[in-house]
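Next come the chains, spelled out residue by residue.
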Amino acid sequence: MNKLFTITILLFSVIAIAQNPKVPSTMYIGDMKLEISASGQKKIQSHVDSYRRSPTYFQKKVHLANLYFPIIEAKFKEENVPDAYKYLIIQESGFVSDAVSSSNAVGFWQFKEATGKEVGLTINSKVDERKNISEASRAAAKYFKFTNQYFSNWIYALQAYNQGAGGAQKDTDSKYYGKKRMPITGKTHWYVLKFLAHV
């Protein structure tokens, strides 16, 4: 019985990997066209393959996405944020409401306390809205909008979510500020490549 179970799991794993979607040479995030080089495709593909390596894990995330995405989509639509940004929650917390990072970021969208308060979340000894999918998603959308106003580039706004606006400013190319097309290569920031793999 044990041997049959192991063979079945291996078979499902092989099928899942064989069915992995292939990373295209062009993607759209909001109003931006991303032109993905061969090196960019290769790095993104490696993430796609790893995310789908375990059929059980993958199906669990699909189930949680079906549960939470409608709430996130509504908040992002209200704030006029690209729908694709919803996939970032998988990267940030894996849909775990009380996730805590090594840098003390908390909740679905991994806000540090000061940043959470800046975007309007109630965080005190009795309430922590970072753990509320609706309020935390609204706050994330506000943060994305704020950073996009600065960079006028949804990919750099995404990168700022990881590095902060100041960190992203040092690590981005100002010639793409305000542009609607940009290249994605193997040297693009790791956080962006992982995000595109989730998308």
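Residues numbered from 1 in each chain as written. Predicted model: local features only at pLDDT ≥ 70, side-chain atom pairs only at ≥ 80, totals over all residues. Heavy atoms only, no water.

## With respect to unusual backbone geometry
Phi angles above zero are rare outside glycine, and Asn104 is one such case at about 70°. By the element assignment, Asn104 lies in the loop between helix 4 (88–92) and helix 5 (113–118). You will see that Gln110, though not glycine, has its phi angle at about 55°, which is positive. When you line up the elements, Gln110 lands in the loop between helix 4 and helix 5. (Helix = DSSP H or I, 4+ residues; strand = E, 2+ residues; numbered from the N terminus.)

## Brief notes about the sheet that holds strand 2 (residues 32–36)
An order of 1-2-3 is seen for the 3 strands of this open sheet, with the pairing classed as mixed. Two strands lie at the open edges of the sheet, namely strand 1 (26–29) and strand 3 (181–184), each paired on one side alone. Strand-to-strand twist in this sheet, taken as the mean axis angle between neighbours without regard to direction, amounts to 30°. In the sheet, strand 1 pairs with strand 2 via 4 bridges, with the strands oriented antiparallel. For Ile29, the partnering residue across the bridge sits in strand 2 and is Met32. Packed on one face of the sheet, helix 7 (residues 154–170) meets strand 1, strand 2 and strand 3 and runs near 80° to strand 2. (Pairing = 2+ DSSP bridges. Axes fitted to C-alpha atoms, helices over the stretch in contact; angles between N-to-C directions. Contact = heavy atoms within 4.5 Å.)

## Observations regarding the packing of helix 2 (residues 38–51) against helix 8 (residues 190–198)
Where helix 2 meets helix 8, the axes come as close as 8 Å, and the angle between the chain directions of the two elements is 55°. The orientation of helix 2 with respect to helix 8, classified from their angle, is oblique. Relative to helix 8, the crossing made by helix 2 is right-handed. Contacts between helix 2 and helix 8 involve Lys43, Ile44, His47, Val48 and Tyr51 from the former and Leu193, Lys194, Leu196, Ala197 and His198 from the latter. Across the contact of helix 2 with helix 8, the residue classes tally to 6 nonpolar, 2 polar and 2 charged. (Parallel < 35°, antiparallel > 145°, perpendicular 65-115°, else oblique. Left-handed = near helix turned anticlockwise from the far one by under 90°. Nonpolar A, V, L, I, M, F, W, Y, C, P; charged D, E, K, R; others polar.)

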